[in-house]
Amino acid sequence: MASWPQPLVIVYALAVGAVVGSFLNVLIWRVPRGMSIIRPGSHCPACGAAIRWFDNVPILSWLALGGRCRRCRGRISLRYPVVEAAAGLLAVAALLRYGLSLPGLEALLFSWTSLALGLIDLEHQILPDVMTYPAIAFGLLCSILGGLTTFADALLGMLAGAAVPALVIVLYKLVRGIEGMGWGDVKYLAAIGAVVGLRDCLWVLVVAAVLGALVGLALILAGRGSGRTPLPFGSFLALAVIVWLYLPAGWLPPLLR
């Protein structure tokens, strides 16, 4: 555990993370819709009015406006301040867990990416290539520079991360005639493996599978789903890897490491 940083540093990390969260909201909304993330500028999704800078301050502007557009009074989703707050808290968590270091920066950037991917998959059930492919390259590059794992481990993690879900897709298709996972999951799990390495990639996969099974079972028991109900597995992967990145070092029992 890194030494506790000064309070002002924590506040600064929270603020920077919230600003990044505002950008993540742009990705979450525009990328799956094939829209440019640059133009047009921030605008109300209801009336299209441009959002001025003082109405675009992360979290605070949403609270000040009561979650409504200043011009048309249309509702602005609660997701916006929640994502901004989550991104800020992830920045603080990375600072406390890793300190100011390359592994900390790698964990933070990948957790921000995972936050966006998880929410995109939750709404659209897609994991865009424009985000997963760069994430794979990012993990491999960081491993060369001294990130969370070694290059060899990152390479093995990437290969295993891609191979396991690909095998599941093929076998599930042969047995049940449908794809049990999407190919976006293959690329995203490859990115996870490139960032955390082989062992941790497999653990993340197990945790995500358990989460997915529990949610699927809950939907069946509630009468809101069946064994064929599609679930956004990428969202479970995102949650699992974010939790995994911030667990205390050495928390696993020796036999499981």
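Cut-offs applied
- Residues numbered from 1 in each chain as written.
- Predicted model: local features only at pLDDT ≥ 70, side-chain atom pairs only at ≥ 80, totals over all residues.
- Heavy atoms only, no water.
- Salt bridge = Lys/Arg side-chain N within 4 Å of Asp/Glu carboxyl O.
- Helix = DSSP H or I, 4+ residues; strand = E, 2+ residues; numbered from the N terminus.
- Buried < 20%, exposed > 50% of the residue type's maximum accessible area, 1.4 Å probe, protein only.
- Polar contact = N/O pair within 3.5 Å; in protein donor to acceptor, adjacent residues only side chain to side chain.
- Axes fitted to C-alpha atoms, helices over the stretch in contact; angles between N-to-C directions.
- Parallel < 35°, antiparallel > 145°, perpendicular 65-115°, else oblique.
- Left-handed = near helix turned anticlockwise from the far one by under 90°.
- Contact = heavy atoms within 4.5 Å.
- Nonpolar A, V, L, I, M, F, W, Y, C, P; charged D, E, K, R; others polar.

### Observations regarding the pattern of salt bridges
Evaluated as defined, the whole model comprises four salt bridges. For Arg33, the salt bridge identified is with Glu123, shortest N-O distance 3.4 Å. Here Arg33 is found in the loop between helix H1 (7-30) and helix H2 (60-64), whereas its partner Glu123 is found in helix H4 (residues 102-124), with 90 residues between them in sequence. Judged by relative accessible area, Arg33 falls into the partly exposed class, the value being 32%. Residue Glu123 is classed as partly exposed on the basis of its relative accessible area of 44%. Across the pair Arg70 and Asp55 runs a salt bridge, and its minimum N-O distance is 2.7 Å. Taken together, the positions of Arg70 in the loop between H2 and helix H3 (79-98) and Asp55 in the loop between H1 and H2 put the pair 15 residues apart, joining distant regions of the chain. On the basis of relative accessible area, Asp55 is assigned to the buried category, the value being 15%.

### Quick word on the side chain of Asp200
Relative to the elements of secondary structure, Asp200 occurs in helix H8 (residues 198-221). The buried category is assigned to Asp200, whose relative accessible area is 15%. Among the polar contacts made by the side chain of Asp200, one reaches the side chain of Arg199 at a distance of 2.5 Å.

### A short note on the packing of H4 against helix H9 (residues 233-245)
The axes of two packed helices give the description: the angle between them and the distance between them. Between H4 and H9, whose axes approach to 8 Å, the crossing angle comes to 155 degrees. Classed by the angle they form, the pair H4 and H9 counts as roughly antiparallel. Judged by the twist between their axes, the crossing of H4 over H9 is left-handed. Note on element contacts: H9 touches H4 through Phe233, Gly234, Ser235, Ala238, Val241, Ile242 and Leu245, opposite Ala107, Phe110, Ser111, Ser114, Leu115, Gly118, Asp121 and Leu122. Its residues assigned to classes, the contact of H4 with H9 comprises nine nonpolar, five polar and one charged.

### Description of the packing of H4 against helix H7 (residues 183-196)
At their nearest, the axes of H4 and H7 sit 11 Å apart, and the two run at 165 degrees to each other. When the axis of H4 is compared with that of H7, the two are roughly antiparallel. Crossing of H4 against H7: the hand is left-handed. Of the residues in H7, those touching H4 at Glu106, Phe110, Ser114 and Leu117 are Tyr188, Ala191, Ile192 and Val195. Class assignment for the residues of the contact of H4 with H7 results in six nonpolar, one polar and one charged.

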